Amino acid sequence: MRNLAQALAPLHARQLKGAGLNPFTSYADDYYVNVNLHTEMDLPQNRETVLHFFEQIQKKYPSMRNFFARERQEFVLEEDKDSGSYRWCTIENRRVSSGFVNPSNVDEAMRQHHEVMENVPYTLSISPLDCESLNVTYGFDFTYRGNQNELLTEALGVSPAFEKLLEIEGSAALLYEPAYQFALDAECRTQCRISMETRTTAYHVRVGDFPDEQLSVYLTMRNLGSLRTGETFVSIMERLARTGRDLVEGYLAEHVLAPLQHAISMK
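J.: Looking at this structure, how should I read the overall build of the protein?
T.: Helix and strand counts for the protein come out as six helices and nine strands. Taking 2.2 N^0.38 as the reference for a compact globule, 267 residues should give roughly 18 Å; the C-alpha atoms of the protein span a radius of gyration of 20 Å, in line with that estimate. Structurally, the protein occupies a C-alpha span of about 60 × 45 × 35 Å along its principal axes. Residue pairs in contact within the protein that sit at least 24 positions apart in sequence constitute 70% of those at least 6 positions apart. Carbon and sulfur atoms form 50% of the exposed surface of the protein, whose accessible area is close to 14,200 Å². Across the protein, the centroid of the 26 positively charged side chains sits 3 Å from that of the 37 negatively charged ones.

J.: Whenever I open this one, a nonpolar patch on the surface confuses me. Can you help?
T.: A contiguous nonpolar patch, built from Phe162, Leu165 and Ile168 and spanning about 300 Å² of accessible area, is present on the exposed surface. Topologically, Phe162 is positioned in the loop between helix H4 (148-156) and strand S7 (179-183). Take Phe162: its relative accessible area is 48%, and that puts it in the partly exposed class.

J.: Help me understand the sheet that holds strand S5 (residues 95-101), please; the structure alone is not making it clear to me.
T.: Two orientations exist for strands paired in a sheet by backbone hydrogen bonds: parallel and antiparallel. The strand order across the open sheet formed by nine strands is S2-S3-S4-S5-S1-S6-S9-S8-S7, and the pairing between neighbours is antiparallel. Of all strands in the sheet, those bounded by a partner on one side alone are strand S2 (66-70) and S7. Neighbour-to-neighbour, the strand axes of this sheet turn through a mean angle of 15°, independent of strand direction. By the bridge criterion, five bridges tie S7 to strand S8 (residues 190-197) in an arrangement that is antiparallel. Bridged to Gln181 within S8 is Arg193.

J.: Any chance you could explain the nonpolar core here in plain terms?
T.: Nonpolar side chains tend toward joint burial in soluble globular proteins. Ranked by size, the top nonpolar core spans 62 residues in total, and within it Phe53, Tyr138, Phe140 and Val217 carry the most contacts. If one sorts the elements of this core by residue count, helix H6 (residues 233-265) sits on top with 14 residues. Formed by five residues, the second largest nonpolar core is a distinct cluster that contains Tyr86, Trp88, Val101 and Tyr218.

J.: Sorry, what's going on with the pairing of S8 here?
T.: Consecutive side chains along a regular strand alternate between the two faces of the sheet. Summarising burial for S8: six of the eight residues are buried, a large majority. The pairing of S8 with strand S9 (residues 213-224) spans eight bridges and is classified as antiparallel. Its bridge partner lying in S9, Cys192 is registered against Met221.

J.: Looking at this model, I keep getting lost on helix H2 (residues 47-60). Mind explaining?
T.: Owing to its 3.6 residues per turn, the α-helix brings residues three or four apart onto one side. Taking 1.5 Å per residue as the helical rise, H2 with its 14 residues ought to reach 20 Å, and the 21 Å between its terminal C-alpha atoms agrees with that figure. Residues of H2 that are buried: Thr49, Val50, Phe53, Phe54, Gln56 and Ile57. One side of H2 holds all its buried residues, which, seen down the axis, span an arc of 150°. Relative to its buried face, H2 has exposed residues pointing more than 90 degrees away, namely Arg47, Glu48 and Lys59.

Criteria and thresholds
Residues numbered from 1 in each chain as written. Predicted model: local features only at pLDDT ≥ 70, side-chain atom pairs only at ≥ 80, totals over all residues. Heavy atoms only, no water. Helix = DSSP H or I, 4+ residues; strand = E, 2+ residues; numbered from the N terminus. Rg over C-alpha atoms; globule rule 2.2 N^0.38 Å. Contact = heavy atoms within 4.5 Å. Areas by Shrake-Rupley, 256 points an atom, 1.4 Å probe, with all protein chains shown as cover. Lys, Arg positive; Asp, Glu negative; His and termini not counted. Charge placed at Lys NZ, Arg CZ, Asp CG, Glu CD. Patch = residues over 30% accessible without salt bridge, like charges linked within 9 Å, V, L, I, M, F, W, Y side chains within 5 Å. Salt bridge = Lys/Arg side-chain N within 4 Å of Asp/Glu carboxyl O. Buried < 20%, exposed > 50% of the residue type's maximum accessible area, 1.4 Å probe, protein only. Pairing = 2+ DSSP bridges. Axes fitted to C-alpha atoms, helices over the stretch in contact; angles between N-to-C directions. Core = buried A, V, L, I, M, F, W, Y, C linked by side-chain atoms within 4.5 Å. Expected span 1.5 Å × (residues − 1). Arc of directions from axis to C-beta.

The following block contains the structure:
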């Protein structure tokens, strides 16, 4: 079996040809790059530790000045959202997350995530042993006013086993969110999940009134379990990010995102 780089090389070359410095901006209406570190043990929730962590992030990104607490012990630091491009970071009971919506380029988002992952062992006392999983997600949102489930069936098709169902007179798709998850190593420690999320409900279909909602496509790279000797949260994150970016540019853009763009443009 060919390795990932060999399998994606021809597609990758075609996708990047003439794509410019940041092809991600042309893939969807909005895109984002998120990192999530899940821990086995509860994270510190005391005032001093939480504030110290966010202060370290704010020193690097002074525009992240909106700090607040949500329910269930979730603390948030984020930039203003008015421009449509903003950074955010959260601490939950067993998860630290960092995200950047519509960055000017992917590298800019990764620099932020590098800062967060570099800080967590020291400011939040997260040991490499205490890693349940580390995820890097590339997300893409398409604004579409209509039955998003039907849009997905038109753009991506369905399994041959279900094709006849589309011919039932008067039927309307209520839920179609295809997903595929696969491992990239023999131990299944490194995994990738490609999934879609629609916001169309049965009520929208029944009344024939569809709001301007976003249909989301996610590509999530995941590393499971405690870190091995010599690994760091930063090194694992960077490896996942590189592989995920190769999959976006070499597969997802051509076979999922472009068909969705085309289907929406034809409506």
